Amino acid sequence: MGITLAKGQGLTLEKAENNLSLVTIGLGWDIAEQKKGFLGGLFGGQTAEYDLDVIAFLCDANGKVQNLGRDASGHPTLNNSDVIFFNNLKHPSGHIWLTGDNRTGAGDGDDEQIIVKLNSLSPTYHKIVFIVQIYEGNKNKQHFGQVQNAFIRAVDASGKEMVRFNLSGQGQYEQQRSLLFAELVRENSGWKFNAIGSSSDSDNFVEWLKQYV
């Protein structure tokens with residue numbers, strides 16, 4: 001088990017102590033059982049799935065996303081861009097990718113993973129920002145106050161968990177539908193993992209992206 005951080009804390013992942021050639025950023029969560037009452041149990045419909053998505057922004061030395069995958073007219077498409085998400089699973093460099101989409105949070109371990117070759121990542125990238133959103137959270141009346149045991153962790157190429165940040169038990173996430181969960185910042189000796197935990201009531205990561213362009 002790696003070092004567990006509290007909100008606002010950070011930890012340097014030293015190259016000399018960890019194999020950063022292939023790092024897994026894992027996200028896990030469970031859904032708290034909703035109390036429906038007697039009539040709700042008889043007549044209530046099935047609860048909609050909670051689809052939590054993890055997104056990564058690759059930022060330059062100024063903390064900005066430069067490549068938004070613009071089309072011929074100059075409009076951003078996010079295809080083949082520096083934003084890794086469910087419609088752009090793999091970065092053009094091949095050094096960072098999203099493994100898939102878990103729509104229930106069922107089971108133990110990571111529910112979603114982003115894999116990044118930190119040692120191979122171009123030096124033009126100084127920061128990787130990790131956002132988590134509840135897809136269609138507003139439509140389905142879902143929020144992070146209903147999510148429990150949520151975590152983000154970093155595991156090195158040898159399978160060693162280096163660090164994790166647990167979100168559970170923090171009441172400020174009621175009615176919040178997206179989070180700036182954590183970030184990795186390049187340092188001379190490796191990368192620093194910062195536990196952020198900033199939240200928004202928006203269920204769309206593009207609202208976060210606007211702060212990085």
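Computed from a prediction, not measured in an experiment: that's the story for all the values here.

A. Geometry of the pattern of salt bridges. A complete count under the given rule lists six salt bridges for this structure. The salt bridge involving Glu183 is made with Lys127; its shortest N-O contact spans 3.7 Å. Remark: Lys127 occurs in strand E8 (residues 127-134) and Glu183 occurs in strand E11 (residues 178-187); sequence separation between them is 56 residues. What makes Glu183 buried here is its relative accessible area of 12%. Residue classification places Lys127 among the partly exposed residues on the basis of a relative accessible area of 22%.

B. A look at the sheet that holds strand E9 (residues 147-155). The mixed open sheet is built from six strands, whose spatial order is E1-E10-E9-E3-E7-E6. Looking at which strands have only one partner, the edges of the open sheet turn out to be strand E1 (3-5) and strand E6 (96-98). Within this sheet the neighbouring strands show an average axis-to-axis angle of 15 degrees, counted without direction.

C. Quick look at the environment of Ser81. Assignment of secondary structure puts Ser81 in the loop between strand E4 (52-59) and strand E5 (83-84). Assessed through its relative accessible area of 0%, Ser81 is described here as buried. When the C-alpha positions of Ser81 and Leu68 are compared, they lie 4.9 Å apart, and in sequence the two are 13 residues distant. The residues touching Ser81, leaving out its near neighbours within four places in the chain, are Asn67, Leu68, Gly69, Asn88, His91 and Pro92. At 3.1 Å, the side chain of Ser81 forms a polar contact with the backbone nitrogen of Val83.

D. The nonpolar core, seen in detail. Ranked by internal contacts, the top residues of the largest apolar core, which has 41 residues, are Ile128, Phe144, Leu184 and Phe193. Those residues in contact with Phe193 that lie beyond four places of it in its chain are Leu5, Gln9, Gly10, Leu11, Leu13, Ile152, Ala154, Val163, Phe165, Ala182, Glu183 and Leu184. Ranked by size, the runner-up nonpolar core spans 15 residues in total, among them Val65, Leu78, Ile131 and Tyr212.

E. Here's a closer look at the pairing of E8. Taking burial as the measure, the eight residues of E8 include seven buried ones, the bulk of the element. Taken together, the eight bridges between E4 and E8 define a ladder with antiparallel strand orientation. The partner of Phe57 across the bridge, within E8, is Val129. In terms of strand pairing, E8 meets E11 through seven bridges, oriented antiparallel.

F. A look at the confidence of the model for the protein. Chain-level pLDDT for the protein is 89 on average; 86% of the residues reach the 70-or-more range. Note on residues 103-107: pLDDT under 50 across the span, and twelve contacts to partners over four residues away in sequence or across chains.

G. Inspection of the environment of Ile131 at higher detail. Relative to the assigned elements, Ile131 resides in strand E8. Taking relative accessible area as the criterion, Ile131 reaches 0% and is therefore assigned buried. What Ile131 contacts, discounting residues up to four positions off in sequence, is Asp53, Val54, Ile55, Phe57, Leu179, Leu180, Phe205 and Trp208.

H. Summary view of the side chain of Arg153. Mapping Arg153 onto the fold places it in strand E9. Separated by 2.9 Å, the side chains of Arg153 and Glu161 make a polar contact. Here Arg153 is in contact with Thr24, Ile25, Gly26, Asp110, Glu161, Val163 and Arg164, once residues within four sequence places are set aside.

The rules we used
Residues numbered from 1 in each chain as written. Predicted model: local features only at pLDDT ≥ 70, side-chain atom pairs only at ≥ 80, totals over all residues. Heavy atoms only, no water. Salt bridge = Lys/Arg side-chain N within 4 Å of Asp/Glu carboxyl O. Helix = DSSP H or I, 4+ residues; strand = E, 2+ residues; numbered from the N terminus. Buried < 20%, exposed > 50% of the residue type's maximum accessible area, 1.4 Å probe, protein only. Pairing = 2+ DSSP bridges. Axes fitted to C-alpha atoms, helices over the stretch in contact; angles between N-to-C directions. Contact = heavy atoms within 4.5 Å. Polar contact = N/O pair within 3.5 Å; in protein donor to acceptor, adjacent residues only side chain to side chain. Core = buried A, V, L, I, M, F, W, Y, C linked by side-chain atoms within 4.5 Å. pLDDT = per-residue confidence, 0-100.

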